[in-house]
Amino acid sequence: MLPVRVLAVDLGIASCGWALIEENGEDGRIFAWGVRTFDAPETAKERTPTNQLRRQHRGLRRVIRRRRQRMAAIRELLTTCGLLPNDAKTGLARPGLDPWQLRAVALDRRLDGDELAAVLVHIAKHRGFRSNSKRQTNAAAEDSKMLGAIEASRQHLIQYRSVGEMFAKNAAYVTRKRNRDGDYTRSILRADLEHEVRLIFERQRALGNTLADDSLHDAYAGLAFTQRPLADSEDRIGACPFEPEEKRGAKRGYSFEMFRFLSRLTALRIGTRHSERTLTVEEIARAAEGFGVQRGMTFARLRRILDVPDAERFADVPATEEGKRDVVNRSANNGCMQGSAALRTAIGDVAWKTLLGVPEKLDRIAVILSFRESAESIREGLDAIGLPDGVADAVMAGLDQGAFGDFAGAGHISARACRAIIPGLRNGMVYSEACAAAGYDHAQRPATRIEDIANPVARKALSEALKQLRAIIREYGLPNRIHVELARDVGKSAEERDEIRRGIEKRNKERDRLRDVFVETVGQAPRGAEDMLRFELWQEQSGRCLYTDRAIPPTAILAGDNSVQVDHILPWSRFGDDSFVNKTLCFAGANQEKRGRTPYEWLKDDTAAWEAFAARVETIRSMKGRKKRNYVLKDAASVEEKFRSRNLNDTRYAARTLIEYLARLYPADGTRHVFARPGALTDRLRRGWGLQDLKKVLESDGEKRRADDRHHALDALIVAATTESALNRLTRAFQQAEAAGSHRDFSGLEPPWPGFVEEVRTKFPAIMVSRAERGRARGEAHAATLRQVRQEEEGPAVYERKAVLALTEADLARVKDAERNAALVESLRAWIAAGKPKDAPPKSPKGDPIGKVRLLTNKKVDVEVRGGAADRGEMVRVDVFRKPNRRGEWEFYLVPIYPHQVANRERWPAPPDRAVTAHKPEDVWPVMDRSFEFLWSLHQRSFIEVERRDGTIITGYFVGMDRAGGQISIVAPHSTKAIAAGIGARTLKRFEKFRVDRLGRIFTVARETRTWHGVACT
C-alpha cells in the first residue's frame, strides 16, 4: 500500500503555516512543515488598507493641483480684464485690504479693480461645499455634522444679503472665519457663494463699475465654481453566475428585493410545540401583495397579514423579537423592500402598477440610481429606458429630495435571473427547486480570479497561499489531498475585523468577571477551561438542568463531579457542532437516558414532558435564539447532514475561492482532493491531542497566546491530520459514548498515529519561520506633517504647531518670537496656571481665541518640502560596507537609504554614500569611496547573523537601525517580540547575511551587487 500524503495550510491575514504529513495505514509521520509570514496590506495600528491611503493621498494631491490650476486661471482672467497688473501671485498683494470687509461693502459702494480682484480671489480660494453625489443633498442630515452646521449657518444667513456680509457683521463669526479641528460651524454652501458673486456683480454694475460686466462674471463663475462629476460605476458590476452575459442586479431593484423576500418566505417555518409547517402558496401571495407599500416586513406585520394564531410561532424567532426583526434582514431598520418603497413613493401607485407589467424597466431604474452619480447621467439613463410620461421627472424629483440615498451595491445574481426564479418561489418552491425550474444549478459559482477580489487583505493572503503551495508542490510533488484552514479574519474588512477584536476583548472582560463570580459561588478558583464552561452553562440555565428541571448545586459545577455532565444538545456524531450554543449542563442520569438523540427524539412520545421542556427553554430570556432552536429542533433527520457538513467544513467565500484554485491542480477524476476545515475544529483537536501548551500558556487570568509564530505550523499539522478517516474515528467514539449515555468530549483523544505527540514535541523547536524580505522601496517618501523653516543666525530653525491644550509651562520658552509675542506668552501662562479651562480659552492681544501656537524645535531639516521640513519616511534599506582597520580587523559601515532619496532621482542620481558615525552630524560621516568594500543591502526582515567581539552570536531578522548611534535591531526567527536592540555594527567580529526561502531553508549570501533604480552602481 502506497503512503498517502496530505498537505495542509493554516492561512491568516499575514501568515501561512503549512504541514505535509505521510500516512501509511495506522502509521504516519511529519514529512515537512514550516511557516511563511508576509506584510498585510494595511497599517498596523488603524488597520487602514494601504491602497486606501494611497488613494486618499492621490486624491489630496489632485485637489491641490486643481486648486493651483484654478487660481492661476482666475489670476490670468483678472489680469486680462484689467483688474490686476499681472497674473503672478504677488499681483494680489495689497497691504491693508480686508477681503471680508470688502465683500460686505461691495454691496453698497463701487470697488476699485484691485479691490474687486481681492474679493473674487478670496471667494474662489474657499468656494464652499457642493455635493455631486446623489446620496447627499444640500440639506442638513442628522448623521452629518458638516451638513448640520451648514444648515445652521444658512439660518444666520437669512438676516444678511450675502455670506461675506454675514461673516463681516455677525458677532458669532467675528473671532473666527474658518473651520478647525472637526468644528464645521463655518461651513458654507457653494450655491450661497454663487449667489453672493451674482449679487456683487449686480450691485457693482448698478453703482457704475464698468469692470463688473457680464462676460467677466460668466468667465469667473465657470472657473471658480465648476466641479467635475463623480464617475459612474455601472461598468464595474460583476457578471451573474446564472446568466454570464448579464450584470448582477441592483440590491435595491424590485426583482432582487422580491426574489430575496420570496426566498425567505418559502424557507420560513411556522408551528407549535407539536409540529411545524411551511407557508402555503396562498399565504405567500398574500404576503407579497402590496409589495413596496412599506419599507420592510417585520414578523409582527407578517403575522397580521397571514392571521397567524398566537399559539403558533415563527421558527427561530422569539415572540419578543417579532416587531423588531425584518423577515429578510435582521433589523427592522434595514427593511427588505426599501428600494421598491422609495421608487413606488416617488412615481406614485398608478405608474408603479403600470411598470409592474414590465419589471425589467423597474430594475433598470434601480441600476441607474445605484451606479450612476451625476444628475445629468441619471437623467440620460432614465430617458433611454422608454418610461411612461412623467415617470422620469418624478424620479428626478425624488433624487433632488434625497429619496434614493440607500441605492448602492449589487446583488449576487442578475435581475433577469431573479425574474426567472420568482415564479417558482411564488408556487412555494424553495430556492434550489425554483432555480432548477428556471434551468439553473443553485450550487453553480463562477470561477473567481484572485486579482478580482476587492478586499486587498484577502487578495494578498490568498495570493501568498498560492505562492507558498506552488513552492511546496515543486519541492515535494502534488499531494494526494490538500486541507485548508483560514483564519476567520481573512476576507473580512477592517471594520469587521475590528468588530471581531472588540468582541474578543468584551468576551475576555466577561470571563474575568465570571471568574470572580465563580469564586464567590463555588468557593474556590476555577481549575481550567472546563470549570468555566460548566459555570457559564449553569448560569445561563439559571442553575437548573433543563432536561429534568432539577436544581444543580453549585458544588457540582466542578469538572471532577461526574454527577453533572456537559452534553451536546444535538449529538456531535450527527451534527458536528461543538460550540457553546450546542452544549448544556445536565444530570448524568438524564444524559444516559437521552443518549445519541435530540431532545425532541427523546421526549416526543411523552407529550406533557415535551411541552414542559419546551416551555422551560422558552422562558430563558438570556439564551440566544439559535440555542433555543437546538433544544426544540424537531426535523433533525432533514437537516443533520447539512449541519454536520457546515460545522466540519469551512464554506466561507475566501475558503471557497482558494479551494477552487487548488482543485484545478488535480485531474477531473470525480474524486475530491481539496477540503476546508473550520478553525473551531482545529482548536478542539489541538486540545484533545494534548498540544495546546505549544500555542497558548495558562496564566492566572486565563489562556494567553504565546508570542511564537511557529504555532501556525502546528495548526497546519492539526488540519493535515484532520483526515476523513480521523473524523470517522472521532465520530465513532462519540457515537459509542452517546449510545451508552456517557459523557464524551474532545479530551484524551486517540492521536492520528502512534507517537504523534512525541514527534510533534521533538520537531517543533526546529521549525524555521520564513519571513518575506521587504525589498521594494514603498511607502511615504516623508511624513505628512510639514514644519516651518526659518533661516536664523545659527542656521535653519524648525518650528512646529502645538495645540494649546497640550502646552506645558516649559513650552512657553520656545514660543516663536517670544519677545515680540510677550503678551501672548503671558496670556498662555495665566491660562495654564488656571488649569486650562476649556470654556475660557486663551486669547491673543486682539482678543481672538488661540487654538495652536508655533514652537521652536531641536529638529533638523530631514526632508525639505516646499520650503518646509518633514520627517523622513521609514528606512528603505541599509547598505553594508567593510574596511580593515589598522590592526587588520574588519570594521563594518552602514549607509541608510530613505524613500525620499529613492523618489528624487534628480537630487539623488546615485545612492547615498555616507555611513553613520555614532552621535555625529551627517556632514562628518565617512564617504564610502573605493577603499570600502560593498557587501550587501539589508532590508526589513533580511536574515542575518552577527558575532560580537566577546563571542556573543545573535541570529535573526533585521528590523531596523538607530540612525543616531548606528546600532541595528534583530528579532528572533520565531518571534517578532523577542528583540535584540542596540547592536553596534562598526566593531562586530563577524557580520553575515543569509537568504531564507519559502520552505525555511537558509542559504548564505556572500556578496551582492549594489544597485540604484535597478542599475548596478559598484
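Criteria and thresholds
- Residues numbered from 1 in each chain as written.
- Predicted model: local features only at pLDDT ≥ 70, side-chain atom pairs only at ≥ 80, totals over all residues.
- Heavy atoms only, no water.
- Salt bridge = Lys/Arg side-chain N within 4 Å of Asp/Glu carboxyl O.
- Helix = DSSP H or I, 4+ residues; strand = E, 2+ residues; numbered from the N terminus.
- Buried < 20%, exposed > 50% of the residue type's maximum accessible area, 1.4 Å probe, protein only.
- Axes fitted to C-alpha atoms, helices over the stretch in contact; angles between N-to-C directions.
- Left-handed = near helix turned anticlockwise from the far one by under 90°.
- Contact = heavy atoms within 4.5 Å.
- Domains from an automatic or database assignment.
- Pairing = 2+ DSSP bridges.
- UniProt positions renumbered as here; feature names shortened; annotations may be inferred.
- Core = buried A, V, L, I, M, F, W, Y, C linked by side-chain atoms within 4.5 Å.
- Expected span 1.5 Å × (residues − 1).

Colleague: Got a minute to help me understand the pattern of salt bridges in this structure?
Modeller: For side chains of opposite charge, pairing can occur when their charged atoms come near one another. Scanning the entire structure with this criterion turns up 75 salt bridges. Arg154 is the salt-bridge partner of Asp192, the closest N and O atoms lying 2.9 Å from each other. You can see Asp192 sitting in helix α6 (residues 190-206) and its partner Arg154 sitting in helix α4 (residues 145-157), a full 38 residues away along the chain. The class of Asp192 is buried, set by a relative accessible area of 11%. Exposure remark for Arg154: the relative accessible area of 31% places this residue in the partly exposed category.

Colleague: Just to check I follow, could you spell out the packing of helix α8 (residues 254-267) against helix α16 (residues 415-426) for this structure?
Modeller: Between two packed helices, both the angle of their axes relative to each other and the distance between the axes serve to describe the pair. Axis separation between α8 and α16 bottoms out at 9 Å; the angle between their running directions is 35°. You can see that α8 and α16 cross each other, and the crossing is left-handed. In this structure, α8 uses Tyr254, Ser255, Phe256, Met258, Phe259, Leu262, Ser263 and Thr266 to contact α16, whose residues at the interface are Ala415, Cys418, Arg419, Ile421, Ile422, Leu425 and Arg426.

Colleague: Just to check I follow, could you spell out the domain arrangement of the protein for this structure?
Modeller: It is common to report an interface's size as the accessible area lost on association of the parts. Segmentation of the protein into domains returns domain 1 (83-210), domain 2 (240-438), domain 3 (526-638), domain 4 (787-865) and domain 5 (873-1016). The C-alpha centroid of domain 5 is placed 39 Å from the C-alpha centroid of domain 4.

Colleague: Explain the pairing of strand β22 (residues 890-897) here, please?
Modeller: Side-chain direction in a regular strand flips from residue to residue, so the side chains alternate between the two faces of the sheet. With 7 of 8 residues buried, β22 lies mostly within the body of the structure. Bridge count for strand β21 (residues 877-884) against β22 is 8 bridges, and the pairing is antiparallel. Bridging from a neighbouring strand, Val878 pairs with Pro896 of β22.

Colleague: When you look at the sheet that holds strand β12 (residues 674-676) in this model, what are you seeing that I'm missing?
Modeller: Backbone hydrogen bonds are what pair the strands of a sheet, in a parallel or an antiparallel way. As summarised here, the arrangement of the 6 strands in space is β12-β7-β1-β2-β3-β15, forming an open sheet in which the pairing is mixed. Each end of this open sheet is capped by a strand with a single partner; those strands are β12 and β15 (769-771). Neighbouring strand axes in the sheet, compared pairwise and without regard to direction, differ in orientation by 20° on average. Pairing of strand β3 (residues 27-37) with β15 involves 3 bridges; the strand directions are parallel. Of the residues in β15, the one forming a bridge with Arg36 is Ser770. Across the sheet, helix α18 (residues 456-476) lies against β1 (4-11), β2 (15-24), β3 and β7 (481-486), angled at about 155° from β1, the strand it touches most.

Colleague: I keep staring at the UniProt feature "active site" (unreviewed entry) in the protein and nothing clicks. Help me out?
Modeller: Here the UniProt feature "active site" (unreviewed entry) sits at Asp10 and His568. The largest pairwise C-alpha distance within this set of annotated residues, which runs over 559 residues, is 27.5 Å, so the set is dispersed in three dimensions. Examined against the element boundaries, Asp10 turns out to sit in strand β1. A relative accessible area of 6% places Asp10 in the buried class.

Colleague: Please clarify how the nonpolar core should be interpreted in this entry.
Modeller: Nonpolar side chains in soluble globular proteins tend to end up buried together. Phe261 and Leu382 are the most contacted members of the largest nonpolar core, which totals 63 residues. Those residues in contact with Phe261 that sit more than four places away from it in its chain are Ala287, Ala288, Phe291, Met297, Val327, Val328, Cys336 and Met337. If you look at the next biggest cluster of nonpolar residues, it comprises 35 residues, including Leu78, Leu102, Ala117 and Val121.

Colleague: Which parts of the structure should I look at to understand α6?
Modeller: Think of an α-helix as turning once every 3.6 residues; residues three or four places apart then point the same way. If you check α6, its first and last C-alpha atoms are 24 Å apart, about what 17 residues at 1.5 Å a residue would give, namely 24 Å. All buried positions along α6 are accounted for by Arg190, Asp192, Leu193, Glu194, Glu196, Val197, Leu199, Ile200, Phe201 and Gln204. Each element contacted by the buried residues of α6 is listed here: α2 (99-105), α3 (113-125), α4, α5 (163-169) and α7 (214-224). Downstream of α6 by a residue or two, Gly208 has a phi angle that is positive, lying close to 90°.

Colleague: Just to check I follow, could you spell out the environment of Met623 for this structure?
Modeller: Relative to the helices and strands, Met623 is located in the loop between α24 (607-619) and α25 (625-632). If we ignore the near neighbours within four places in the chain, the residues touching Met623 are Glu540, Leu546, Val617, Lys628 and Tyr631.

Colleague: Where do I start with the sheet that holds strand β26 (residues 967-972) in this structure?
Modeller: The strand order β27-β26-β25-β24-β28-β29 describes an open sheet built from 6 strands, whose pairing is antiparallel. In this open sheet, the two strands that pair with only one neighbour each are β27 (975-984) and β29 (1002-1005). Direction aside, the axes of adjacent strands within the sheet are offset by 45° on average. Pairing geometry for strand β25 (residues 953-962) and β26, over 5 bridges, is antiparallel.

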